[in-house]
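Report on the structure
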Amino acid sequence: MRFEFTADEHVKVKTFLKKHEVSKGLLAKIKFRGGAILVNGQTQNATYLLDIGDKITIDIPAEEGFETLEAIERPLDILYEDDHFLVLNKPYGVASIPSVNHSNTIANFIKGYYVKRNYENQQVHIVTRLDRDTSGLMLFAKHGYAHARLD
């Protein structure tokens, strides 16, 4: 997934990206898992010194889902979805996340939804979760950067 920014100050890439909620962990993923940092179309590292007006591009590598989270297909009441977020209407009586007592959860169903549609990022990022006995809207980030922006 690609994100683009324009430098508005003379700082290092990592300092600039931190102001846009790109964490050290995400920078490490970019560096070690096949991502890239480009400045004006040229590969650079996180310590490169930016000039005002430089175009910074980050390519974030795809996230694999957790192997322990079982993908379960089930119809979902999705109210909104784009490249970054998904909002669904959670029914009463279904847990949000797996536990010792719950294995058919919204997280499992979202994972099944991602797998069925062959999404590049298969990791489930729950932004707002609800108790099992509560119905209502749940917000999911479809990648780690979107989750960091909301967290």
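Residue positions are given per chain, counted from 1 along the sequence in the order it is written. A pLDDT threshold of at least 70 governs which residues receive local features in this predicted model, and a stricter bar of 80 or more applies before side-chain atom pairs are shown or counted, although totals over entire chains, interfaces and linings include all residues. By convention in this description, side-chain values take in all heavy atoms of the structure and omit both hydrogens and water.

Moving on to the pattern of salt bridges. The salt bridge criterion pairs a side-chain nitrogen of Lys or Arg with a carboxyl oxygen of Asp or Glu, the two atoms within 4 Å. Summed over the entire model, instances satisfying the criterion amount to seven salt bridges. Here arginine 2 ties to aspartate 59 by a salt bridge, and the two come within 2.6 Å at their closest N and O atoms. In this pair, arginine 2 is assigned in strand S1 (residues 2-6) and aspartate 59 in strand S4 (residues 55-59), connecting sequence segments 57 residues apart. Its salt-bridge partner being glutamate 73, residue lysine 116 comes within 3.7 Å of it at the nearest N-O pair. In this description a helix means any DSSP run of H or I spanning at least four residues, a strand means any run of E spanning at least two, and both kinds are numbered starting from the N terminus.

Candidate patch residues must exceed 30% relative accessible area and have no salt bridge, after which like charges are joined if within 9 Å and Val, Leu, Ile, Met, Phe, Trp or Tyr side chains if within 5 Å. Exposure was quantified through the Shrake-Rupley algorithm and a 1.4 Å probe, taking into account, for residues, occlusion by the shown protein chains and nothing else. We score Asp and Glu as negative and Lys and Arg as positive, and we do not count His or the chain ends. By convention, the point assigned to a charge is CZ for Arg, NZ for Lys, CD for Glu and CG for Asp. Among the surface-exposed residues, Lys12, Lys14, Lys18 and Lys24 lie close enough to one another that they form a single positively charged patch. As for its placement among the helices and strands, lysine 12 is situated in the loop between S1 and helix H1 (13-18).

This part covers a nonpolar patch on the surface. Taken together, Leu79, Tyr80 and Leu137 make up a surface patch of nonpolar side chains, about 320 Å² in accessible area. Within the fold, leucine 137 resides in strand S8 (residues 136-141).

Further remarks concern helix H3 (residues 106-116). Partly exposed describes any residue whose relative accessible area lies between the buried limit of under 20% and the exposed limit of over 50%, with all areas from a 1.4 Å probe on protein chains only and scaled to the type maximum. Most of H3 is tucked away, with nine of its eleven residues classed as buried. Considered for burial, the residues of H3 that qualify are Ile106, Ala107, Asn108, Phe109, Ile110, Lys111, Gly112, Tyr113 and Tyr114. Residues of H3 that are buried in the fold lie against strand S5 (78-81), strand S6 (85-90), strand S7 (125-126) and S8. Of the residues flanking the end of H3, it is asparagine 118, one or two places downstream, whose phi is positive at about 55°. Contact between two residues is taken to exist if any of their heavy atoms lie within 4.5 Å; hydrogens are not considered.

From the geometry alone we can't say anything about function, so treat these as descriptive.
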